[in-house]
Amino acid sequence: MIPLLLLILISSLHQHESVAESSHISKIHHANTKEQNGVHDSQHEKILSVTGDGIIQSPDFPNTYPRNTVIVWRLVAVTESSKIQLTFDPRFGLEDAEDGICKYDYVEVEEPVGGVVLGRWCGSEMVPGPQVSKGNQILIRFASDEYFPSDPGFCIHYSLLQQRQSEPEAPAVMPAWMQSVDVLSEAVAGFSTMEEVMKYLEPERWQVDMEDLYKPTWQVVGKSFFHQKKSRGVVDLNLLREEVRLYSCTPRNFSVSLREELKRTDAIFWPSCLLVKRCGGNCACCSHNCYDCQCSPTKVAKKYHEVLMLKHRAGGRGLQKTLTDVHLEHHRSAE
């Protein structure tokens, strides 16, 4: 009888240990499942469609939040081209960090794509700064443990940022020094003032170029040198250009193209045309057929005019800019 009772007792003990072990394994499996899913489990995540402004806050804000809480909000903008901006309320306070790390109670902002954490915050010394999503979604995670809940918690204001449509890029403009003489001459002729011309030629340093034009220069007259200083206001190139526009098409004045008149196809002049006394007159500042007026002058005089001359630098980049005097024929009388 004793061996039989002993066998029954041993069998009962084995069954109890098996049940206990099975229960322990079941608890471990359940815990692992929760740890793997965590806040990503659908029962913890709240999906919010963002169509305008709104708020997200810790439970019971601005009072003490509860212990052992994990909540995740997924904010989704209604349009894919929109971004979401988060702004924290100045009333902010969670359990303090330990060794500078928010281990226990914290609020965290994360990019859903790639799982990049934009920031994790706790304590009450500093309010988090604004956060902006890279796409049209953003995650906010709040977690608290079983110890030391704090107040007031947090409150986050969210809003939509409409992404501006990218403006079409302006077509690239070839630098002036790379343009051909004919193309550059046509472009320069369309400007009304010398300042506009210089800005077109050198947008970044046109004012410096203007100053350089009026620096003193040495010129040769016969076998002698003399020092010549260009003076602002003595010759108004803008006025010369305006005179061409106003007084062409008159029987007393004639506008001539300097490149054609001087036969200087290697250079560009501004003003590109000047007003001279000629018999007949013509329609406007022209580029072709400027000598249709057939008349014979009886008296001719040569006059000097100060203009801006542009030339491509030989073997190098850039343009050479100088003020130079050009002489043109003026008809005193005609028959």
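Residues numbered from 1 in each chain as written. Predicted model: local features only at pLDDT ≥ 70, side-chain atom pairs only at ≥ 80, totals over all residues. Heavy atoms only, no water.

Under an unreviewed UniProt entry, the name given to the protein is Platelet-derived growth factor C, and the organism recorded is Cyprinus carpio carpio. One UniProt comment on the protein, placed under Subcellular location (unreviewed entry), says "Secreted". Regarding the protein, the UniProt comment filed under Sequence similarities (unreviewed entry) reads as follows: "Belongs to the PDGF/VEGF growth factor family." (UniProt positions renumbered as here; feature names shortened; annotations may be inferred.)

1. Concerning the environment of Tyr 104
Tracing the backbone through its elements, the reader meets Tyr 104 in the loop between β4 (82-88) and β5 (106-111). C-alpha separation for the pair Tyr 104 and Tyr 147, spaced 43 residues apart in sequence, amounts to 8.4 Å. Contacts of Tyr 104, omitting those with residues within four sequence positions, involve Glu 95, Glu 98, Ala 143, Ser 144 and Asp 145. For Tyr 104, the side chain forms a polar contact with the side chain of Glu 98, separated by 2.9 Å. (Helix = DSSP H or I, 4+ residues; strand = E, 2+ residues; numbered from the N terminus. Contact = heavy atoms within 4.5 Å. Polar contact = N/O pair within 3.5 Å; in protein donor to acceptor, adjacent residues only side chain to side chain.)

2. Some thoughts on the state of the cysteines
Counted according to the given criterion, the structure contains one disulfide. With its sulfur 2.1 Å from that of its partner, Cys 102 forms a disulfide with Cys 122. Between Cys 102 and Cys 122, the S-S torsion sits near -80°, and that sign places the bridge as left-handed. Of this pair, Cys 102 sits in the loop between β4 and β5 while Cys 122 sits in the loop between β6 (116-121) and β7 (131-132), placing them 20 residues apart in sequence. With a relative accessible area of 11%, Cys 102 lands in the buried category. (Disulfide = S-S within 2.5 Å. Buried < 20%, exposed > 50% of the residue type's maximum accessible area, 1.4 Å probe, protein only.)

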